[in-house]
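Chain residues, written in single-letter form:
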Amino acid sequence: MRKPPVHRSFLNAFRGIFFMIRHERNFRIELAAFAVNLFLVFYLRLSETDALLVLGVSFAVLSAEMFNTAIEKICDFIQPEFDRRIGFIKDVSAGAVLLMAVISIVTGILVYRKYLFI
């Protein structure tokens, strides 16, 4: 199979992001949290290191949610009927997102406390 041109690859990637925005509630919630963090990075004038930490974990949560959705869609395609093994795979995938969300909250607390509670 021939690789698509670079611009087509970018268009496909953006199409995936827009799919997530349109169809995945949790992604929209996490995107809203990212927007709040982006605002706070500039409003509180975070240091470069702190901004990188906050934005890095924010993007990691969004990426984990996208991987989770991809895994769930593959599982649904392979086995449309209920299967406890597929359920386990989906649970593990969702657990990975939860772990990433927890560490992002901890990171936010550790970073923002320096700027909010001086």
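Please read these numbers as outputs of a predicted model, since none were measured by experiment.

A.B. asks: Quick question: what am I supposed to make of the overall build of the protein here?
C.D. replies: For the protein, the count of helices and strands is 4 helices and 0 strands. Starting at the N terminus and walking to the C terminus, you meet the elements of the protein as α-α-α-α. Computed over its C-alpha atoms, the radius of gyration of the protein comes to 17 Å, more than 25% above the 13 Å expected for a compact globule of 118 residues. In terms of overall dimensions, the protein has C-alpha extents of about 55 × 40 × 20 Å along its principal axes. Expressed as a percentage of the 118 residues in the protein, the buried residues total 27%.

A.B. asks: What is the right way to read the packing of helix H1 (residues 6-23) against helix H3 (residues 48-78) from this model?
C.D. replies: If you want to describe how two helices pack, look at the angle between their axes and the distance between the axes. Relative to each other, H1 and H3 sit at 85°, their axes nearing to 11 Å. It follows from the interaxial angle that H1 and H3 lie roughly perpendicular. Here Gly-16, Ile-17, Phe-19 and Met-20 of H1 lie close against H3, whose contacting residues are Glu-65, Met-66, Thr-69 and Lys-73. Tallied by class, residues from the contact of H1 with H3 come to 4 nonpolar, 2 polar and 2 charged.

A.B. asks: Looking at this model, I keep getting lost on the pattern of salt bridges. Mind explaining?
C.D. replies: Between side chains of opposite charge, a pair can form as their charged atoms come close. The full count for this structure, using the stated rule, is 3 salt bridges. For Arg-85, the salt bridge is made with Asp-83, and the minimal N-O distance between the two is 2.8 Å. Judged by relative accessible area, which is 55%, Arg-85 ranks as exposed. In this structure Asp-83 comes out as buried when scored by relative accessible area, which is 13%.

A.B. asks: Sorry if this is basic, but what is going on with unusual backbone geometry here?
C.D. replies: Outside of glycine, negative phi angles account for most residues, and trans bonds account for most peptide bonds. In this model, Arg-45 sits at a positive phi of 55°, which is unusual for a non-glycine residue. Relative to the helices and strands, Arg-45 resides in the loop between helix H2 (25-43) and H3. The exposure class of Arg-45 is exposed, given its relative accessible area of 71%.

A.B. asks: Sorry if this is basic, but what is going on with the packing of aromatic side chains here?
C.D. replies: The description of two aromatic rings rests on the distance between their centres and on the angle between their planes. A complete count under the given rule lists 2 aromatic pairs for this structure. Ring geometry for Phe-39 and Tyr-43: centres 5.3 Å apart, planes at 15°, overall stacked. With a gap of 4 residues between them, Phe-39 and Tyr-43 both fall in helix H2, about one helical turn apart. Accessibility classification places Phe-39 together with Tyr-43 in one group, the exposed group.

Conventions adopted
- Residues numbered from 1 in each chain as written.
- Predicted model: local features only at pLDDT ≥ 70, side-chain atom pairs only at ≥ 80, totals over all residues.
- Heavy atoms only, no water.
- Helix = DSSP H or I, 4+ residues; strand = E, 2+ residues; numbered from the N terminus.
- Rg over C-alpha atoms; globule rule 2.2 N^0.38 Å.
- Buried < 20%, exposed > 50% of the residue type's maximum accessible area, 1.4 Å probe, protein only.
- Axes fitted to C-alpha atoms, helices over the stretch in contact; angles between N-to-C directions.
- Parallel < 35°, antiparallel > 145°, perpendicular 65-115°, else oblique.
- Contact = heavy atoms within 4.5 Å.
- Nonpolar A, V, L, I, M, F, W, Y, C, P; charged D, E, K, R; others polar.
- Salt bridge = Lys/Arg side-chain N within 4 Å of Asp/Glu carboxyl O.
- Phe/Tyr/Trp six-rings, centres within 6.5 Å; stacked < 30°, edge-to-face > 60°.

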